[in-house]
Amino acid sequence: MTVMDPTLEEVKKRAEEREVLLDLENVSLSFGGVKAITNISFNIKKGEIRAIIGPNGAGKTSMLNVINGFYQPQEGVITFNGEKRKSMKPHLAVSQGIARTFQNVALFKGMSTLDNIMAGRATRMKRNMFWQMLYWGPAQQEEIEHRKKVEEIIDFLEIQHIRRTPVGTLPYGLQKRVELARALAMEPELLLLDEPMAGMNLEEKEDMSRFILDVNDQLGTTIALIEHDMGVVMDLSDRVVVLDYGRKIADGVPEEVQSNPEVIDAYLGVSH
Amino acid sequence: MFYRTSGQFKTTYESDQALFPIKQDMVLLVVILAAMYVVFPMFASEFTYKALLVPVLIYSLASLGLNILTGYAGQLSLGTAGFMGVGAYACYKITTIFPEMNIIVALFLSGFFSAAVGVAFGLPSLRIKGFYLAIATLASQFFLVWLFEKWAWLYNYNASGAIEVRTMDIFGLVVTGPNASPMVQYYFVLGIVSVVTFAMINLTRGRYGRTWKAVRDMDIAAELVGINLMRAKLSAFAVSSYIVGIAGALMVFFWKGAAEPNLFDIPMSFQIVFIAIIGGLGSVMGNFLGAILIVALPVVLNLLPEMLGLSIGSATMEHVNVMVVGSLIIMFLIVEPHGLARFWALIREKLIIWPFPH
């Protein structure tokens, strides 16, 4: 007997039942006269994989930057975990439980893989400078405690062999994986992935897809991802939101979005 | 062969994160420390102390301070000598206002003044980076030297405009002033340099080190990892200036004995920048290697013709010296742009896997 794919109704129902983690209401962002995001509302629910797609320049990355506080939207209300957000600084996003990776790899090139991931736990380490100078007692205990957590993530993503390698010398696919590890080290509730598979070959894409599903499944992390590979997006995500020219043109489960005429127009172009 | 690591297994994270995960490193350090603490004092003359050992230690310390800021946190600074001056003048004022105070306490207190000044001049780093920040710190250099000249209270209204260190003792042992024995001063400086170096090794391999390096390598990513950029940059300025200030106070109190404001002028700032770059940015050990090359080598070269029985005029020797040291610096930078510390790291790596190439 084969396992049947769930029907559209079942998928929709499952999405309905989940609690809302992040809610954006009528968010607008502009740089001077350029409108990056116009009046967008959507939500991300706990435990789902939410894809944000759209043609180049649609405002996807700006959207992520708004979510983690890098940009301040001029209008709109953002509610995270039931709390309305007032002003936001990027370094505070982590303590609220939002972590992200970047479109172009943004690792700390001069540091080893281990140090990069440990840096992801910087906000969780509390010992003061005096203890750190001694590197003894509480400071050492803290360091070891976090090292254990980091090693778990290293095991999870299968990067044990490059633990001591400076990340600048690693191949691109592994760098992306280290970046994911660093984001996981922050133990986020919401993980934002900006094109996690850009520039990868098929095998690396398959590995990365598997890791994303595992993170979602085993750690229970909610994931919002931007990706251009439609095959990957449709296979991975629970729900998809489509942006074009800073506006939302579609929102729903993959099957719905795929058959939406506006989405097809946006991607293929349409004769006017 | 000497560096073979086979048989050294790590079974706990504690031992994996130890200061010396490889036993041979520890042996090497013990040998060096034994040489510094026991062997050198057995043979050193007053000249060796005054011209070689003490200056190398003090310049290493100053360069270590700069390295925290430039090598670890990535904030270029050209104001090192000015901050050394702040430490020296602060120590001078503290010892005049509280004549009974132990010099060690005064020394560590004076570091806080240079740290405060460093943080104040580090504020522009929140908005500007790279060469532009270097120019901003250069301004602090000019301003501080001007202040040392014009603010007579700083040098106790001396007619000469210089500060002179009076005789001070610790539990009866004379450590500063003209009567102090060079050996005592050497031990004093060595002790302080050892303690500060130990603290900095630990600081740079822990959370602070990672935070600084993250800011250096990619500040936007650092911010999104949850690092407060302002706090990271200013803490680097504070720690760096603190160490640099102590180095300045040591220089005046335990080496020169007196100082005029122009001692803390730009040439010394540049010299310390050179030590840090040639030694290796982002390394603690590099500062010592760099200081040996830039501070000690010229002195040794000056002595060379005399030892070989050649009669070369001292003026000629001075020129030859500049040429030799200059070409050595260029050679080292071509062979290993990341400094002597990286050079050593490569040699060590080769030794560990010897006789295999990979």
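Per an unreviewed UniProt entry, chain B is named Branched-chain amino acid transport system permease protein, and its organism is Pseudovibrio ascidiaceicola. If you open the UniProt record of chain B and go to Subcellular location (unreviewed entry), you find "Cell membrane".

**A short note on the packing of helix α4 (residues 80-97) of chain B against helix α6 (residues 130-150) of chain B**
Relative orientation and spacing of two packed helices are given, respectively, by the angle between their axes and the distance between those axes. All names here are of chain B. Two numbers describe how α4 lies on α6: the axes approach to 8 Å, and their chain directions differ by 30°. The pairing of α4 with α6 is recorded here as roughly parallel in orientation. Here α4 and α6 pass one another in a crossing that is left-handed. Of the residues in α6, those touching α4 at Ala-81, Gly-82, Gly-85, Val-86 and Tyr-89 are Ser-140, Gln-141, Leu-144, Val-145 and Phe-148. By residue class, the composition of the contact of α4 with α6 is six nonpolar, four polar and no charged.

**Topic: the interface of chain B and chain A**
Facing 24 residues of chain B, the contacting portion of chain A comprises 32 residues. The dominant element in the side of chain B that touches chain A, judged by the number of residues it contributes, is helix α8 (residues 207-217) of chain B, at seven residues. Within the side of chain B that touches chain A, the residues separate by chemical class into eleven nonpolar, seven polar and six charged.

**What to know about the UniProt feature "transmembrane region" (unreviewed entry) in chain B**
Residue and element names in this part refer to chain B. UniProt's entry tags residues 26-45, 51-69, 101-123, 130-148, 184-203, 234-255, 275-304 and 316-335 with the feature "transmembrane region" (unreviewed entry), counted in the numbering of this structure. Secondary structure over residues 234-255 splits into 100% helix and 0% strand, and the C-alpha atoms at its two ends are 30 Å apart. In residues 275-304, helix accounts for 83% and strand for 0%; the two terminal C-alpha atoms are 23 Å from one another.

**Observations concerning the sheet that holds strand β6 (residues 98-100) of chain A**
Residues and elements named next belong to chain A. Pairing is mixed across the open sheet formed by six strands, whose spatial order is β6-β7-β8-β3-β9-β10. Because the sheet does not close on itself, it has two edges, and the strands there are β6 and β10 (247-252). For this sheet, the mean angle separating the axes of adjacent strands, direction not counted, is 20°.

**Notes on helix α3 (residues 46-72) of chain B**
Residues and elements named next belong to chain B. If you check α3, its first and last C-alpha atoms are 36 Å apart, about what 27 residues at 1.5 Å a residue would give, namely 39 Å. Its axis deflected by about 35° at Leu-66, α3 carries its strongest bend there. When you tally the buried positions in α3, you get 20 out of 27 residues, the bulk of the element.

**Description of the nonpolar core**
Residue and element names in this part refer to chain B. Within the largest apolar cluster, 167 residues are counted, with the highest numbers of intra-cluster contacts made by Ile-58, Leu-61 and Leu-250. At 18 residues, the largest contribution of residues to this core is made by helix α10 (residues 229-256). Beyond its immediate chain neighbours, meaning those up to four positions away, Leu-250 contacts Ile-58, Leu-61, Val-189, Ile-192 and Trp-255.

**Some remarks on unusual backbone geometry**
Going from Trp-354 of chain B to Pro-355 of chain B, the amide bond is cis rather than trans, its omega being 5°. Residue placement: Pro-355 of chain B occurs in the segment after α14 (340-353). Here the phi dihedral of Asn-39 of chain A falls at roughly 50°; this positive angle occurs in a residue that is not glycine. Summarising the element assignment, Asn-39 of chain A is placed in strand β2 (residues 34-45). Of note, the phi angle at Asn-156 of chain B is positive, near 55°, even though the residue is not glycine. Tracing the sequence through the fold places Asn-156 of chain B in the loop between α6 and β1 (163-164). Residue classification places Asn-156 of chain B among the exposed positions, given that 11 C-beta atoms sit within 10 Å.

**Here we look at the packing of helix α7 (residues 182-205) of chain B against α10 of chain B**
All names here are of chain B. Put simply, α7 and α10 touch, their axes get as near as 11 Å, and they point 175° apart. The orientation of α7 with respect to α10, classified from their angle, is roughly antiparallel. For the pair formed by α7 and α10, the contact residues are Gln-185, Phe-188, Val-189, Ile-192 and Val-196 on the first element and Ile-243, Ile-246, Leu-250 and Phe-254 on the second. Looking at the contact of α7 with α10, its residues break down into eight nonpolar, one polar and no charged.

**Looking at the confidence of the model for chain B**
Chain-level pLDDT for chain B is 88 on average; 100% of the residues reach the 70-or-more range. Mean pLDDT across the secondary structure elements of chain B bottoms out at helix α1 (residues 13-16) of chain B, with 80, and peaks at α10 of chain B, with 94.

Basis of the calculations
Residues numbered from 1 in each chain as written. Chains lettered and ligands numbered in written order. Predicted model: local features only at pLDDT ≥ 70, side-chain atom pairs only at ≥ 80, totals over all residues. UniProt positions renumbered as here; feature names shortened; annotations may be inferred. Axes fitted to C-alpha atoms, helices over the stretch in contact; angles between N-to-C directions. Helix = DSSP H or I, 4+ residues; strand = E, 2+ residues; numbered from the N terminus. Parallel < 35°, antiparallel > 145°, perpendicular 65-115°, else oblique. Left-handed = near helix turned anticlockwise from the far one by under 90°. Contact = placed C-beta atoms within 7 Å. Nonpolar A, V, L, I, M, F, W, Y, C, P; charged D, E, K, R; others polar. Pairing = 2+ DSSP bridges. Expected span 1.5 Å × (residues − 1). Bend = angle between axes of the 7 residues up to and from the residue. Buried ≥ 20, exposed ≤ 12 C-beta atoms within 10 Å, placed from the backbone. Core = buried A, V, L, I, M, F, W, Y, C linked by C-beta atoms within 7 Å. pLDDT = per-residue confidence, 0-100.

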